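Each chain, written out:
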Amino acid sequence: MSKTTTVLRPRDWDSHPKLIDSGYKSTALRGPKQWLVPVKQNLADLRSPVYGNGIIGALDGDLTRNAVRNGEPLGERMIVTGRVLDEGGRPVPNTLVELWQANACGRYVHKVDQHDAPLDPNFLGAGRALTDAEGRYKFLTIKPGAYPWKNHHNAWRPQHLHFSVFGHYFATRLVTQMYFPGDPLLAYDPIFQATPAQARERLIARFSMDITEPEYALGYEFDIVLRGADQTPMES
Amino acid sequence: MSHTPDLKQTPSQTVGPYFAYGLSPEQYLYDFKSAFTPVAASDRAEGEHIRLIGQVLDGAGHPVNDALIEIVQADAHGRYVETAEDIERTGFAGAARCGTGTDAENRFIIETVKPGAAAPGDAPRIDVILTMRGLLNHLFTRIYFDDEAAANAADPVLQQVPAERRHTLIARREVSGARVSYRFDIRMQGDEETVFLDL
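Residues numbered from 1 in each chain as written. Chains lettered and ligands numbered in written order. Predicted model: local features only at pLDDT ≥ 70, side-chain atom pairs only at ≥ 80, totals over all residues. Heavy atoms only, no water.

Going by the annotation in an unreviewed UniProt entry, the name recorded for chain B is Protocatechuate 3,4-dioxygenase subunit alpha, with Pandoraea faecigallinarum given as the source organism. Turning to chain B, the UniProt record has this under Sequence similarities (unreviewed entry): "Belongs to the intradiol ring-cleavage dioxygenase family." (UniProt positions renumbered as here; feature names shortened; annotations may be inferred.)

In the annotation of an unreviewed UniProt entry, chain A is listed under the name Protocatechuate 3,4-dioxygenase subunit beta and assigned to Pandoraea faecigallinarum. Its UniProt record gives chain A a comment under Sequence similarities (unreviewed entry), which states: "Belongs to the intradiol ring-cleavage dioxygenase family."

Trainee: What's the story with the overall build of chain A in this structure? I'm lost.
Mentor: A tally of regular secondary structure across chain A gives two helices and 14 strands. Rg of the C-alpha trace for chain A: 19 Å, near the compact-globule value of 18 Å for 236 residues, within the 12% margin. Along the three orthogonal principal directions, the C-alpha set of chain A runs to about 65 × 40 × 35 Å. In chain A, buried positions account for 56% of the 236 residues. Long-range contacts, defined here as pairs at least 24 residues apart, represent 72% of the contacts in chain A between residues at least 6 apart. In the structure as shown, chain A presents an accessible area of about 10700 Å², 54% of it carried by carbon and sulfur atoms. Charged side chains in chain A number 27 positive and 26 negative. The centres of these two groups are separated by 7 Å. (Helix = DSSP H or I, 4+ residues; strand = E, 2+ residues; numbered from the N terminus. Rg over C-alpha atoms; globule rule 2.2 N^0.38 Å. Buried < 20%, exposed > 50% of the residue type's maximum accessible area, 1.4 Å probe, protein only. Contact = heavy atoms within 4.5 Å. Areas by Shrake-Rupley, 256 points an atom, 1.4 Å probe, with all protein chains shown as cover. Lys, Arg positive; Asp, Glu negative; His and termini not counted. Charge placed at Lys NZ, Arg CZ, Asp CG, Glu CD.)

Trainee: What am I meant to see in the overall build of chain B here?
Mentor: Tallying secondary structure elements over chain B gives three helices and 10 strands in all. Mapped in sequence order, the helices and strands of chain B form the string α-β-β-α-β-β-β-β-α-β-β-β-β. Relative to the compact-globule value of 16 Å for 199 residues, chain B shows a C-alpha radius of gyration of 17 Å, a close match. By principal-axis analysis of the C-alpha atoms, chain B measures approximately 45 × 40 × 35 Å. Taking all 199 residues of chain B together, the buried fraction comes to 58%. Accessible surface computed for chain B: about 7800 Å², of which carbon and sulfur atoms make up 49%. Of the charged side chains in chain B, 19 are positive and 30 negative, and the gap between their average positions amounts to 1 Å.

Trainee: Got a minute to help me understand the UniProt feature "domain: Intradiol ring-cleavage dioxygenases" (unreviewed entry) in chain A in this structure?
Mentor: The positions that UniProt labels "domain: Intradiol ring-cleavage dioxygenases" (unreviewed entry) are, in the present scheme, residues 80–108 of chain A. Along residues 80–108 of chain A the backbone is 0% helical and 45% strand, and the end-to-end C-alpha distance reaches 19 Å.

Trainee: Would you take a moment to explain the sheet that holds strand S9 (residues 160–165) of chain A for this structure?
Mentor: Two strands in a sheet stick together by hydrogen bonds in their backbones, pointing the same way (parallel) or opposite ways (antiparallel). Residue and element names in this part refer to chain A. Spatially, S5-S4-S9-S10 is the arrangement adopted by the four strands of the open sheet, whose pairing is antiparallel. The sheet terminates laterally at strand S5 (126–130) and strand S10 (174–179), the two strands that pair on one side only. Taking the axes of each pair of neighbouring strands and ignoring which way they run, one obtains an average angle of 25° across the sheet. Direction of pairing for S9 relative to S10: antiparallel, over a ladder of six bridges. Its bridge partner lying in S10, Phe 163 is registered against Thr 176. (Pairing = 2+ DSSP bridges. Axes fitted to C-alpha atoms, helices over the stretch in contact; angles between N-to-C directions.)

Trainee: Help me out: how do you make sense of the interface of chain B and chain A in this one?
Mentor: Taken together, the contact pairs 72 residues of chain B with 89 residues of chain A. Of the roughly 7000 Å² buried between chain B and chain A, counting both surfaces, carbon and sulfur atoms make up 57%. There are four salt bridges connecting chain B and chain A. B:Arg97 is the salt-bridge partner of A:Glu98, the closest N and O atoms lying 2.8 Å from each other. Run the count over chain B and chain A and you get 37 residue pairs in polar contact (both at pLDDT 80 or more). Going through the elements one at a time, helix H1 (20–23), strand S2 (67–73), helix H2 (84–90), strand S3 (95–99), strand S5 (126–132), strand S6 (139–145) and strand S10 (197–198) of chain B are the ones with two or more residues in the side of chain B that touches chain A. Per-element tally for the side of chain B that touches chain A: the top contributor is S5(B), with five residues. Looking at side-chain class alone, the side of chain B that touches chain A contains 38 nonpolar, 18 polar and 16 charged residues. Here two bridges tie strand S2 (residues 37–38) of chain A to S10(B), and the two strands are oriented parallel to one another. Across the sheet, A:Pro38 pairs through a bridge with B:Asp198, a residue of S10(B). (Buried area = accessible area lost by both parts, 1.4 Å probe. Salt bridge = Lys/Arg side-chain N within 4 Å of Asp/Glu carboxyl O. Polar contact = N/O pair within 3.5 Å; in protein donor to acceptor, adjacent residues only side chain to side chain. Nonpolar A, V, L, I, M, F, W, Y, C, P; charged D, E, K, R; others polar.)

Trainee: Explanation requested: the UniProt feature "domain: Intradiol ring-cleavage dioxygenases" (unreviewed entry) in chain B in the structure shown.
Mentor: Under the local residue numbering, the UniProt record ascribes the feature "domain: Intradiol ring-cleavage dioxygenases" (unreviewed entry) to residues 52–80 of chain B. Secondary structure across residues 52–80 of chain B comprises 0% helix and 45% strand; the distance between its end C-alpha atoms is 19 Å.

Here it is, written out as structure tokens:
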């Protein structure tokens, strides 16, 4: 006897990097070596954290203003926008999108970051937004610089933004990075290259003249696709 | 029946070492409000107040100082938070986030209440997401409790885990005065590698 149950589609391992990758050295001791144990679950068991509009401050989506002390942050202003969708192309509304990044010089406001590049007193590099009814988010920020990271000789991270997204289920959680079109460092970056070749393009934003605002900021579009749900016959 | 997806999933990437001011700014003393804190239940939440304490140990056995733990759990009655108003009313957020970089021993310490069973036949449990530098995909695991042996023996998910590895999902109760803690270390590799779940 079987019944129909809504289940989450699995993580698509043809889209995601393997947990241990010889090019990215830190994975050697940090990636698990055993197989992940498959677990059958109903969506009801996969509760996402609850957050409300109250957690989003008025300037949280504007990284050019949310840490200003005495002036404008330095660098190239940019608008980053896109939609959070599931695999079926359905928008994921009212979900939390968190963003963090280096400043225009490639320096993070973090005590561990010792890169010899200036901090910007007017730029923290952190923001967040909720998606609207169509799944759209929008940030105003500064284009981050590339920076060295000592993974190997002459190792430089390409310019990138870090994104954290929840979706509507515990298991749709995603942490990813957005890269920029035409960046020559992409070919040399073990983190980007650890992604299966056919999936790498999905990490690169699209420059958009339509999103670009005259006299103000360049525009980039970056859609984020999360796991979707299916109706599936289940043994009962 | 599953069908060919219309869109392909966005690939996962590592959280990197610098998530502190983006994801846990208040814990790391940055001037930006945190969306989630290491407190899943305030003092006024009902239930037995506990602390979850643990380290993330890499393949060499060294505690990791740039890992991030996120949890979601039911309240002491086995109920999940449904709305932001629930959190206001009960003091129970049902979710927490804690980086390991602010503790001298590189521990995560989460203030919460012991959950009730979320469904008949399930053992009380806490769902965990682990991210860190050097981890290209976040990992899922679960915390069960060592004083719930009978419930654990019946739990349908725990029974899907190979018997010889189940103990890696069970936290150890430690009582010191009035304070109840559960110790749960996460081992990335080795004989005692923690079971990670493919949800």
